[in-house]
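One letter stands for each residue in the lines below.
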Amino acid sequence: MSAKVYQVIPEALTFCSTPAPLPENLVLVAEFDGDLETAFRFTNSIEQHWADATDARLTVHCRTRSTSVGDVMELDGKFYIVATVGFKELEGYSLPASV
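Below you will find a few notes about this structure.

Scoring rules and cut-offs
- Residues numbered from 1 in each chain as written.
- Predicted model: local features only at pLDDT ≥ 70, side-chain atom pairs only at ≥ 80, totals over all residues.
- Heavy atoms only, no water.
- Pairing = 2+ DSSP bridges.
- Helix = DSSP H or I, 4+ residues; strand = E, 2+ residues; numbered from the N terminus.
- Axes fitted to C-alpha atoms, helices over the stretch in contact; angles between N-to-C directions.
- Core = buried A, V, L, I, M, F, W, Y, C linked by side-chain atoms within 4.5 Å.
- Buried < 20%, exposed > 50% of the residue type's maximum accessible area, 1.4 Å probe, protein only.
- Contact = heavy atoms within 4.5 Å.

Some details on the sheet that holds strand β1 (residues 3-8)
Sheet strands line up and pair through hydrogen bonds in the backbone, either parallel or antiparallel.
Step number 1: Across the sheet, which stays open at both edges, the six strands sit in the order β3-β2-β1-β4-β5-β6 with antiparallel pairing between neighbours. The two strands at the open ends of the sheet, each matched to only one other strand, are β3 (58-60) and β6 (87-89). Taken pair by pair, the neighbouring strands of this sheet meet at an average axis angle of 30°, ignoring direction.
Step number 2: Pairing analysis gives three bridges linking strand β5 (residues 78-82) to β6, with the strands arranged antiparallel. The residue bridging Ile 81 from the neighbouring strand is Lys 88, located in β6.

Some remarks on the nonpolar core
Step number 1: Membership of the largest hydrophobic core comes to 15 residues, with the highest contact counts inside it found for Val 5, Ala 30, Leu 36, Ala 39, Trp 50 and Met 73.
Step number 2: At the level of elements, β1, β2 (26-32), α1 (36-42), β4 (72-75) and β5 are the ones that each hand at least two residues to this core.
Step number 3: When near neighbours in sequence (up to four residues on either side) are disregarded, Val 5 contacts Val 27, Leu 28, Val 29, Ala 30, Ala 39, Thr 43, Thr 67, Val 72 and Met 73.
Step number 4: The next biggest cluster of nonpolar side chains, apart from the first, holds ten residues, and it includes Ile 81, Leu 90, Tyr 93 and Leu 95.

Thoughts on the side chain of Ser 68
Step number 1: Secondary-structure assignment places Ser 68 in the loop between β3 and β4.
Step number 2: Look past the residues within four positions of Ser 68 in its chain and what remains in contact with it is Phe 15 and Val 82.

Examining unusual backbone geometry
Step number 1: A cis amide bond links Thr 18 to the next residue, Pro 19, at an omega of -10°.
Step number 2: When you line up the elements, Pro 19 lands in the loop between β1 and β2.
Step number 3: The phi angle at Asp 76 is positive, at roughly 55°, despite the residue not being glycine.
Step number 4: Within the fold, Asp 76 resides in the loop between β4 and β5.
Step number 5: For Asp 76, a relative accessible area of 61% translates into the label exposed.

This is how it looks when you write it as structure tokens:
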């Protein structure tokens with residue numbers, strides 16, 4: 001399974017899990033071969049910038065900030081918003097192929 005990590009662009013960032021961000025305000029920053037929790041952990045900077053990680057399961061699309069509340073992840077065709085604790089499924093949410 002591969003999780004895609006989309007981050008909200010800076011000018012639209014609210015650090016809130018509701019409402020879901022508009023698709024045009026998201027950018028694909030990484031893909032991770034694993035579940036949501038592990039993808040979140042790998043794209044959250046603690047001791048070093050996450051994009052500097054050398055784990056083969058992580059594909060970095062662009063170097064940016066840590067994944068935070070309000071960002072979106074995709075797993076198995078379903079979308080989830082990063083919540084204060086865990087993730088909430090975004091039912092009926094979709095992204096254009098260009099994101």
